[in-house]
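Take a look at the letters that make up each chain.
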Amino acid sequence: MIDTTPATSSLTKRATGYHLATELVHIDSDAVKDNYNASSVPIYQTATFKQDSADGSGGEYDYSRSGNPTRTAVEAHMAKIMKAERAFVVSTGMTALDVILRLVKTGQEIVAGDDIYGGTNRLLTYVSQYNGVKVHNVDTTDPKRVEERLDPIKTRLVLLESPTNPLIKIADIRTIAARVHELCPSALVVVDNTMMSPYLQNTLQLGADIEYHSGTKYLSGHHDLMAGVIGCSSQSVAESLYFVINASGSGLGPFDCWLLLRGVKTLGIRMEKQQSNAIEIADFLEAQGLKVHYPGLKSNAQYELHKSLASGPGAVLSFETGDVGLSERIVESARLWGISVSFGCVNSLISMPCKMSHASIPAEIRKQRHLPEDLIRLCVGIEHVEDLINDLSSALQAAGLKVKR
Ligand SMILES: *Cc1c(COP(=O)(O)O)cnc(C)c1O
């Protein structure tokens, strides 16, 4: 049976022509009717809503799994920011991908990148082992590698990240989306846009059908909640996604919706600061003769391509030292840079992806995918840039490198 419950938890909201930094701060008060004109969207911490009539009809909301006013507010806000037809918020970034993967049937295929988030790799491996879905991992920096794997009948999803993580490689989303839609009209182009956030890159406008985010990262900005956000460009896809969210109960709880809404208001100012810090840090590392992966460096082969897709290079970069032991010493010598997985928080983090966030990818596959074991990833925060560079400089020195300033 098809559940045609109206998706009360989502409203369509279109951008009004202001800059995104302005849109981020202003929550459209039409999204939620509030009797008291509260300036901050109230938290409707309730599972059920009373109905007016015995047949249960009448109320806009009945049960929070299906819809909740606080969730409606954040979903309408996210749809506006992502320029999406509709947006949904779910419990984590991986839940967002899980909801999207329910659109793929046994026998269908997925084409995905070969430098992808570790958790994404784990979930794709699961569907290929248990659900009879073939997953092709290809180098998405070359649209031809994607094209080779497309099948007009079987391909259901093309899953991209750009920049990729942790090697910060760029996929030409615009070209790939156009080719996929031409060759496989029933396939959906899906982009995990977590690394850029909607502030720097709008993948629905580049031709993607679905864009999703780990709201745990830049959107919330303080590592104090977990969330996933999905935006899509068509109502029919939105209805399929809503069906899964309502059926499986993966919608975000009211309190976390409220926290996400609060966090996202400062996305613009955080991202500007984090990015300008990252640009200076990338220059500093490059000046040390280290191999730096960051699309904000003019020396980066994909500098122009990235510039054609996004309005900035973001605040995540990685670099190679040539020696695993040296990298470990650098990471452990840093004081200001916290050793932690994840990114997008106001404070700066340092990690070795092969030992941490990407450790769930087996060593031999990491090798096949040219993931250097000595790679260090930096997730730059909003601290004063001099303190960040001084700390990094001391860590490089403590680990045995000569630093040029
Ligand atoms: C963190 C992350 C995810 C998963 O999000 P969670 O909120 O941790 O479930 C997916 N993709 C990327 C690129 C991420 O960084």
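The structure displayed is predicted, hence computed values, not measured ones.

A. Region of interest: the domain arrangement of the chain. Assigned domains within the chain: domain 1 (6-264) and domain 2 (267-399). In this structure, domain 1 and domain 2 have C-alpha centres spaced 26 Å apart. Counting residues at the interface gives 40 residues for domain 1, matched by 41 residues for domain 2. Buried surface at the junction of domain 1 and domain 2, summed over both partners, amounts to about 3,300 Å²; 61% is from carbon and sulfur atoms. Here domain 1 is connected to domain 2 by zero salt bridges. Across the contact surface, domain 1 and domain 2 share 13 residue pairs in polar contact (both at pLDDT 80 or more). Secondary structure elements with two or more residues in the side of domain 1 that touches domain 2: α4 (118-130), α6 (173-183), α7 (197-200) and α9 (254-264).

B. The arrangement of the side chain of E320 in detail. Relative to the assigned elements, E320 resides in strand β9 (residues 316-320). Judged by relative accessible area, E320 falls into the buried class, the value being 17%. Engagement of the side chain of E320 in a polar contact is seen with the side chain of H293, the distance being 2.7 Å. The residues contacting E320, other than those within four sequence positions of it, are L290, K291, H293, P372, D374 and L375.

C. Structural context of the nonpolar core. Core analysis: the biggest nonpolar cluster contains 88 residues, and M78, L260, I281, L285, L317, W337 and L378 have the highest contact counts within it. Built from parts of two domains, this core gets at least three residues from each of domain 1 (6-264) and domain 2 (267-399). Once you skip the residues sitting within four places of it in the chain, L317 turns out to touch I168, A278, A282, L285, V292, H293, Y294, I376, R377, L378 and V380. With 31 residues, the next largest nonpolar core counts A96, V104, L124 and V244 among its residues.

D. Spotlight on the site of the ligand. Taken together, the neighbourhood of the ligand is formed by T92, G93, M94, Y117, D192, T194, S214, T216, K217, M226, A227 and F343. One nitrogen or oxygen atom from the side chain of D192 is found 2.6 Å from a nitrogen atom belonging to the ligand. A distance of 2.6 Å separates an oxygen atom of the ligand from a polar side-chain atom of K217. Protein contact buries 94% of the 380 Å² of open area that the ligand shows by itself. Taken atom by atom, the bulk of the ligand overlaps the largest pocket. When its residues are assigned to classes, the shell around the ligand shows five nonpolar, five polar and two charged.

E. Up close: the pairing of strand β2 (residues 109-113). A large share of β2 lies buried, amounting to five of its five residues. Where β2 meets strand β3 (residues 134-138), five bridges bridge the pair, whose relative direction is parallel. Its bridge partner being in β3, I110 is matched across the sheet by V135. With four bridges joining them, β2 and strand β4 (residues 155-161) adopt parallel strand pairing. Of the residues in β4, the one forming a bridge with A112 is L159.

F. Examining the side chain of N121 more closely. Relative to the helices and strands, N121 resides in helix α4. The residues touching N121, leaving out its near neighbours within four places in the chain, are I116, I361 and R369.

G. Summary view of the sheet that holds β9. Across the sheet, five strands lie side by side as β8-β9-β12-β11-β10; this open sheet has mixed pairing. Since the sheet does not close on itself, it has two edges, and those belong to β8 (291-293) and β10 (338-339), each with one partner. Across three bridges, the pairing between strand β11 (residues 349-351) and strand β12 (residues 376-379) is antiparallel. Bridge pairing links I350 to L378 in β12. Contacting β8, β9 and β12, helix α10 (residues 267-287) runs over the sheet at an angle of about 10° to β9. Lying on the sheet, helix α12 (residues 324-333) is in contact with β10, β11 and β12; it crosses β12 at an angle near 25°.

About the thresholds
Residues numbered from 1 in each chain as written. Predicted model: local features only at pLDDT ≥ 70, side-chain atom pairs only at ≥ 80, totals over all residues. Heavy atoms only, no water. Domains from an automatic or database assignment. Contact = heavy atoms within 4.5 Å. Buried area = accessible area lost by both parts, 1.4 Å probe. Salt bridge = Lys/Arg side-chain N within 4 Å of Asp/Glu carboxyl O. Polar contact = N/O pair within 3.5 Å; in protein donor to acceptor, adjacent residues only side chain to side chain. Helix = DSSP H or I, 4+ residues; strand = E, 2+ residues; numbered from the N terminus. Buried < 20%, exposed > 50% of the residue type's maximum accessible area, 1.4 Å probe, protein only. Core = buried A, V, L, I, M, F, W, Y, C linked by side-chain atoms within 4.5 Å. Near = heavy atom within 4 Å. Areas by Shrake-Rupley, 256 points an atom, 1.4 Å probe, with all protein chains shown as cover. 1 Å grid on protein atoms, 1.4 Å probe; cavity = no way out; pocket = protein on both sides within 12 Å on 5 of 7 lines; lining within 4 Å. Sits in = over half its atoms within 2 Å of the grid points. Nonpolar A, V, L, I, M, F, W, Y, C, P; charged D, E, K, R; others polar. Pairing = 2+ DSSP bridges. Axes fitted to C-alpha atoms, helices over the stretch in contact; angles between N-to-C directions.

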